[in-house]
Amino acid sequence: MEGILPLFKPAGMTSHDCVFKLRKLLRTKKVGHTGTLDPDVTGVLPICVGKATKIAEYITDAGKAYEGEVTLGFTTTTEDASGEKVDEKAVDRTITRAEIEEVLQSLIGEIEQTPPMYSAVKVNGKKLYEYARQGIEVERPTRKVTIYGIELLDDRDSFEGEQVSFKFRVSCSKGTYIRTLAVTIGEKLGFPAHMSSLVRIQSADFTIEDCYTFEQLEELAEEGNLAASLHPLEAGISYLPKYRINDKVAEKVKNGALLPIPEEYAGNSGPIIVETEDGKALAIYRAHPTKIGMMKPDKVLRNDQ
């Protein structure tokens, strides 16, 4: 069995829990996820099966889109609804729609984020949440992420009350912490805040509409038709540039040969999909670090054709 299974991750399960359950369902150990989703978060989690596990990192590197909710009035230890309150301040004024939209627009582009203590980022070989559980605060590395677009999903013109909640949709680069984004939105509005709910609506080219729930997969398993849930390996990397080659060159690619960088991708350091004439992805190439004008295989995907 080989391909990509777009899973709708339910609340209460880690990404690893999902992989463990799918290994039993699919009856194969070669199953991997494409980036951690917090247990409270639901939505699109592409799962790689068989040879498709080779492209998991490229799906992880692709852009993501989320629909989340910010709640102003208090922040938490985890920056989401599962944590303990650490700062509280009632919303003591009316917040206008224009004010929120101005804040959201100010976040578009490259921004810096400091990962929350309750995250899987490693510092000195240890995950931050392991320090957090021991009550140890450590210096966290700041990272740059990109917000491609963000919009308010609420038609109110004004927002008031001791706590104020509103939903938003965001498309962003890998590594973006939406929890931290929610806190930042609150700070810019002058109030402590946290992310009160979150759904991932897209990962690479997979959307919620493409996804299967565990209940649907169990039904397919009973029918002996689990293969119907799998997309071809190529679907997970369809966002990458493609270079089509003939059968003669294909044999060289399978053996890891260097190739000249195609003219249309001059200046592109990669990754670039090298595919057969019938659209099968053979390998993923990147610019050679020392040989100018040449590219080398980053990963050979198929070498048994």
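Scroll up for the structure.
These numbers come from a predicted model, not from an experiment.

Criteria and thresholds
Residues numbered from 1 in each chain as written. Predicted model: local features only at pLDDT ≥ 70, side-chain atom pairs only at ≥ 80, totals over all residues. Heavy atoms only, no water. Helix = DSSP H or I, 4+ residues; strand = E, 2+ residues; numbered from the N terminus. Buried < 20%, exposed > 50% of the residue type's maximum accessible area, 1.4 Å probe, protein only. Contact = heavy atoms within 4.5 Å. Areas by Shrake-Rupley, 256 points an atom, 1.4 Å probe, with all protein chains shown as cover. Core = buried A, V, L, I, M, F, W, Y, C linked by side-chain atoms within 4.5 Å. Pairing = 2+ DSSP bridges. Phe/Tyr/Trp six-rings, centres within 6.5 Å; stacked < 30°, edge-to-face > 60°. Lys NZ or Arg CZ within 6 Å of the ring centre and 35° of its normal. Expected span 1.5 Å × (residues − 1). Arc of directions from axis to C-beta. Axes fitted to C-alpha atoms, helices over the stretch in contact; angles between N-to-C directions. Parallel < 35°, antiparallel > 145°, perpendicular 65-115°, else oblique. Left-handed = near helix turned anticlockwise from the far one by under 90°. Nonpolar A, V, L, I, M, F, W, Y, C, P; charged D, E, K, R; others polar. Disulfide = S-S within 2.5 Å. Salt bridge = Lys/Arg side-chain N within 4 Å of Asp/Glu carboxyl O.

A. Region of interest: the overall build of the protein. Scanning the protein from N- to C-terminus turns up 7 helices and 20 strands. Here the C-alpha coordinates of the protein stretch approximately 70 × 50 × 40 Å along the principal axes. Residues classed as buried in the protein amount to 47% of the 305 residues present. Here the contacts in the protein between residues at least 6 apart in sequence split such that 68% fall between residues at least 24 apart. Of the accessible surface of the protein, which amounts to about 15100 Å², a share of 46% is contributed by carbon and sulfur atoms.

B. The nonpolar core, seen in detail. Of all hydrophobic cores here, the largest spans 47 residues; its most connected members are Leu 22, Ile 47, Leu 72, Phe 166, Val 170, Leu 181 and Ile 185. Sequence-distant contacts of Leu 181, defined by excluding residues within four places in its chain, comprise Leu 107, Ile 111, Gln 113, Ile 147, Ile 150, Phe 168 and Val 170. With 20 residues, the next largest nonpolar core counts Val 44, Ile 55, Cys 211 and Ile 273 among its residues.

C. Inspection of the sheet that holds strand S17 (residues 259-260) at higher detail. Across the sheet, 5 strands lie side by side as S16-S18-S19-S20-S17; this open sheet has mixed pairing. The sheet terminates laterally at strand S16 (242-244) and S17, the two strands that pair on one side only. Examined bridge by bridge, strand S19 (residues 281-287) and strand S20 (residues 294-300) share 5 bridges and lie antiparallel to one another. Within S20, the residue paired with Ala 283 across the bridge is Val 300.

D. A look at the packing of aromatic side chains. In this structure the tally under the stated criterion is 1 aromatic pair. One cation-aromatic arrangement involves Lys 21 over Phe 214; the distance from NZ or CZ to the ring centre is 4.5 Å. Seen from the ring of Phe 74, Lys 85 lies directly overhead, with NZ or CZ sitting 4.6 Å from the centre.

E. Representation of the pairing of strand S11 (residues 143-152). Inspection of the sheet shows strand S8 (residues 109-113) paired to S11 by 5 bridges, in the antiparallel sense. When the bridges of S11 are listed, Gln 113 appears paired with Arg 143.

F. Molecular detail of helix H5 (residues 178-189). The terminal C-alpha atoms of H5, which comprises 12 residues, lie 17 Å apart, in line with the 16 Å expected from a rise of 1.5 Å per residue. Counting buried residues in H5 gives 9 out of 12 residues, a clear majority hidden from the surface. Those residues of H5 lying buried are Ile 178, Arg 179, Thr 180, Leu 181, Ala 182, Val 183, Ile 185, Gly 186 and Leu 189. Positioned one or two residues after H5, Gly 190 has a phi angle of 95°, which is positive.

G. Up close: helix H6 (residues 214-223). Residues of H6 that are buried include every one of Phe 214, Leu 217 and Leu 220, and no others. Along H6, the residues classed as buried sweep out an arc of 115° about the axis, all on the same side. Exposed residues on H6 whose side chains face more than 90 degrees from its buried face are Glu 215, Glu 222 and Glu 223. Downstream of H6 by one or two residues, Gly 224 has phi in the positive range, about 70°.

H. Looking closely at the packing of helix H3 (residues 97-106) against H5. Here H3 crosses H5 at 125°, and the two axes come no closer than 10 Å. Put simply, H3 runs oblique to H5. In this structure, the crossing between H3 and H5 has a hand that is right-handed. Between H3, through Glu 99, Ile 100, Val 103, Leu 104 and Ser 106, and H5, the contact on the second element is made entirely by Ile 185, Lys 188 and Leu 189. Residue composition of the contact of H3 with H5, grouped by class: 5 nonpolar, 1 polar and 2 charged.

I. The arrangement of the state of the cysteines in detail. The tally for this structure, following the rule as stated, stands at 0 disulfides. Left unpaired, Cys 18 is separated from the closest cysteine sulfur, that of Cys 211, by 11 Å. A relative accessible area of 0% means that Cys 18 is categorised as buried. Take Cys 211: its relative accessible area is 12%, and that puts it in the buried class.

J. Region of interest: the pattern of salt bridges. Taken as a whole and judged by the stated rule, the model has 15 salt bridges. In this structure, Glu 2 engages Arg 302 in a salt bridge whose closest nitrogen and oxygen atoms are separated by 3.2 Å. Taken as a pair, Glu 2 in the segment before strand S1 (3-9) and Arg 302 in the segment after S20 lie far apart in primary sequence, 300 residues in all. Overall, the relative accessible area of 33% leaves Glu 2 in the partly exposed class. For Glu 151, the salt bridge goes to Arg 169, with nearest N and O atoms at 2.9 Å. On the criterion of sequence distance, the pair formed by Glu 151 in strand S11 and Arg 169 in strand S13 (residues 164-172) is long-range, its members being 18 residues apart. Exposure remark for Glu 151: the relative accessible area of 39% places this residue in the partly exposed category. Looking at Arg 169, the relative accessible area reads 29%, which means it is partly exposed. Connected through shared salt-bridge partners, Glu 2, Glu 234 and Arg 302 make up one network.

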